[in-house]
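Inside the fold
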Amino acid sequence: MGVLLAAVLNPAIGAVLITWFADGTTVVKTAVTISLFTALIALGGRFFDAQDPRTFPAPFESAAVHVAGVAVTWLVVMTVLAAIALTFASSWVLQRTRLGLRLRALSDRPKTAELIGVPSGPIAMLVWAGSGALTALALILVAPLFPADFETLAMLATGAFAAALVGSFRSFPLTLAGGLVIGALQGSLNSISELQSYRGAVPLLFILAAVLWTNRSARWEAPAQA
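In this report, we go over the structure that sits alongside the text. (Residues numbered from 1 in each chain as written. Predicted model: local features only at pLDDT ≥ 70, side-chain atom pairs only at ≥ 80, totals over all residues. Heavy atoms only, no water.)

Points about the overall build of the protein
Our working definition: Helix and strand definitions here come from DSSP, where helices need a minimum of 4 consecutive H or I residues and strands a minimum of 2 consecutive E residues; each element is numbered from the N-terminal end. Contact between two residues is taken to exist if any of their heavy atoms lie within 4.5 Å; hydrogens are not considered.
Counting its regular elements, the protein contains ten helices and two strands. The helix and strand sequence of the protein, counted from the amino end, reads α-α-β-β-α-α-α-α-α-α-α-α. Each of the three principal axes of the protein carries a C-alpha extent, and together these read 55 × 55 × 40 Å. Partitioning the intrachain contacts of the protein with sequence separation of at least 6 by distance along the chain shows that 53% fall at a separation of at least 24.

Regarding the side chain of Gln-186
Tracing the sequence through the fold places Gln-186 in helix α9 (residues 172-190). Residues contacting Gln-186, with those up to four places away along its chain left out, are Arg-199, Gly-200, Val-202 and Pro-203.

Overview of a nonpolar patch on the surface
The cut-off we apply is this: Residues form patches when they are more than 30% accessible in relative terms and have no salt bridge. Like charges link within 9 Å. Nonpolar side chains (Val, Leu, Ile, Met, Phe, Trp, Tyr) link within 5 Å. Under the convention used here, a 1.4 Å probe and the Shrake-Rupley method define accessible areas, while residue burial counts only the protein chains that appear. For this document, the term salt bridge refers to a Lys or Arg side-chain nitrogen within 4 Å of an Asp or Glu carboxyl oxygen. Per-residue accessibility, obtained with a 1.4 Å probe over protein chains only, is compared with the maximum for each type, and a residue is labelled buried under 20%, exposed over 50%, and partly exposed between these values.
A cluster of nonpolar side chains, contributed by Val-76, Val-80, Leu-81, Ile-84, Phe-88, Leu-145 and Leu-180, occupies part of the molecular surface with about 600 Å² of accessible area. Looking at which element gives the most residues to the nonpolar patch, the answer is helix α3 (residues 74-96), with five residues. With respect to the helices and strands, Ile-84 occurs in helix α3. Exposure remark for Ile-84: the relative accessible area of 31% places this residue in the partly exposed category.

A word on the packing of aromatic side chains
By convention here, two paired aromatic rings are described through the distance between centres and the angle between planes. Selection criterion: Here a pair means two rings of Phe, Tyr or Trp (six-membered ring of Trp) with centres within 6.5 Å. Their orientation is stacked below 30 degrees between planes, edge-to-face above 60, and tilted elsewhere.
Within this structure, the stated rule accounts for one aromatic pair. Geometrically, the ring pair formed by Phe-37 and Phe-161 is edge-to-face, given 5.9 Å between the ring centres and 75 degrees between the ring planes. With Phe-37 in helix α2 (residues 26-48) and Phe-161 in helix α8 (residues 156-166), this pair connects stretches of sequence that are 124 residues apart. For Phe-37, a relative accessible area of 23% corresponds to the partly exposed category. Since its relative accessible area comes to 39%, Phe-161 is described here as partly exposed.

So, the side chain of Asn-10
For clarity, the threshold we go by: In the analysis that follows, any N or O atom pair within 3.5 Å is treated as a polar contact, provided that within protein one partner can donate a hydrogen and the other can accept it, and provided that, for residues neighboring in sequence, both atoms belong to side chains.
When you line up the elements, Asn-10 lands in helix α1 (residues 2-21). Using a relative accessible area of 18% as the deciding quantity, one classes Asn-10 as buried. Here the side chain of Asn-10 touches Trp-128 through a polar contact of 2.8 Å, landing on its backbone oxygen. A distance of 3.1 Å separates the side chain of Asn-10 from the side chain of Ser-131, its partner in a polar contact. Not counting chain neighbours up to four residues away, the residues in contact with Asn-10 comprise Trp-128, Ser-131 and Gly-132.

Here it is as structure tokens:
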């Protein structure tokens, strides 16, 4: 039910962005996205009581293997395998299918793609629905590893943003690598009692590093006039 609901609600958010902000600058789109994200967290906290976490079922919590004395559960194994499979599947769709060709056209030259007959609206809604369903499925898989309250699970999106920035929103393999590194670092900090409270800052550090690296050649000040 959660996956189906996400597949229905996510296109509604996409419709808002496409209808009113499709031609906006990157700064405007970013601001709107952050505003929507913050509003959804506030509404979710209001309706689902973030102070009263639920008990989430964990059917795959038994240990699969032991590495250097650390028990790796089936849940972790399944999550990593699902991430790898999704990475290769997404890359294959974009590179090898007609739908992928249209998606790349809409991403690189949206106006030109629309002029030659690419149905931007239906394709965009399909992408929004698919991404919503996959996001919900991912949250369902990892929820047993975290406190099952709305705000904690919602803030997992911060790590997703950081991984996407590592991949520059273009490379699926780099995004996967970034996500695995961020998760490994957070898990390592969680095992050190003195540093447990800082594990949530790891994605923010990656976001800052990615933004600085991307804009490393930007000129922060206008040149002095002669």
